[in-house]
Amino acid sequence: MTINRSTSREVLDIFPLGSRMVLFSLAYFGCAVVGSLFSLAPGAFVNFWLPSGLFVGVLLADERRYWPALVLAAIMANLAFDAVCGHGLFLSLLFSLGN
């Protein structure tokens, strides 16, 4: 199946950048929660990190000029997930840089 690039661009242009950032952050956070449910053992690390696939897909679908905003949205969602999991700020920043 071939995706028409102009059609996918029209779909993305419906939402302003701020809305896409919020939607992406929520989806990233949701993927992180689902990935944590698939972990082999509860702990500080998630074995199957679903948000990375989402992140790559979103970056490939969007123009490069929007990447810094989307990276910021991913970092915010990652920090929020780590805060919910009880990780400290330093560890959360290291996880964000790694992702």
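In what follows, the structure referred to is the one given above.
Residues numbered from 1 in each chain as written. Predicted model: local features only at pLDDT ≥ 70, side-chain atom pairs only at ≥ 80, totals over all residues. Heavy atoms only, no water.

A. The arrangement of the overall build of the protein in detail. Helix and strand counts for the protein come out as five helices and zero strands. Going from the N terminus to the C terminus, the protein shows its helices and strands as α-α-α-α-α. Counting all 99 residues of the protein, 29% fall into the buried class. Across the protein, the fraction of contacts at a sequence separation of at least 24, relative to all contacts at a separation of at least 6, is 53%. Entry remark: accessible area of the protein is about 6,500 Å², with carbon and sulfur atoms responsible for 74%. (Helix = DSSP H or I, 4+ residues; strand = E, 2+ residues; numbered from the N terminus. Buried < 20%, exposed > 50% of the residue type's maximum accessible area, 1.4 Å probe, protein only. Contact = heavy atoms within 4.5 Å. Areas by Shrake-Rupley, 256 points an atom, 1.4 Å probe, with all protein chains shown as cover.)

B. Structural view of the packing of aromatic side chains. Counting across every chain of the model gives seven aromatic pairs. With a centroid separation of 5.7 Å and 35° between ring planes, the pair formed by Phe24 and Phe55 is classed as tilted. Of the two residues, Phe24 is situated in helix H2 (residues 17-37) and Phe55 in helix H3 (residues 51-61); the sequence distance between them amounts to 31 residues. Each member of the pair, Phe24 as well as Phe55, is classed as buried. Taken together, a centroid distance of 6.3 Å and an interplanar angle of 85° make the contact between Tyr28 and Phe55 edge-to-face. Of this pair, Tyr28 sits in helix H2 while Phe55 sits in helix H3; the two residues are 27 residues apart in sequence, bridging distant segments of the chain. The class of Tyr28 is buried, set by a relative accessible area of 2%. When its relative accessible area of 11% is taken as the criterion, Phe55 is described as buried. Grouped by ring-pair contacts, the aromatic residues Phe24, Tyr28, Phe29, Trp49, Phe55 and Phe81 constitute a single cluster. It is Arg20 that lies over the ring of Tyr66; its NZ or CZ is 4.8 Å from the centre. (Phe/Tyr/Trp six-rings, centres within 6.5 Å; stacked < 30°, edge-to-face > 60°. Lys NZ or Arg CZ within 6 Å of the ring centre and 35° of its normal.)

C. Representation of the packing of H3 against helix H4 (residues 67-84) in the model. Direction vectors running N to C along H3 and H4 enclose 160°, while the axes themselves pass 10 Å from each other. Judged by the inter-axis angle, H3 sits roughly antiparallel to H4. The way H3 lies across H4 gives a crossing that is right-handed. Residues Phe55, Val58 and Leu59 of H3 touch H4, and the partners they reach there are Trp67, Leu70, Val71 and Ala74. Residue classes in the contact of H3 with H4 are distributed as seven nonpolar, no polar and no charged. (Axes fitted to C-alpha atoms, helices over the stretch in contact; angles between N-to-C directions. Parallel < 35°, antiparallel > 145°, perpendicular 65-115°, else oblique. Left-handed = near helix turned anticlockwise from the far one by under 90°. Nonpolar A, V, L, I, M, F, W, Y, C, P; charged D, E, K, R; others polar.)

D. Layout of the environment of Trp49. With respect to the secondary-structure elements, Trp49 resides in the loop between H2 and H3. With 14 residues separating them along the chain, Trp49 and Gly35 place their C-alpha atoms 5.5 Å apart.

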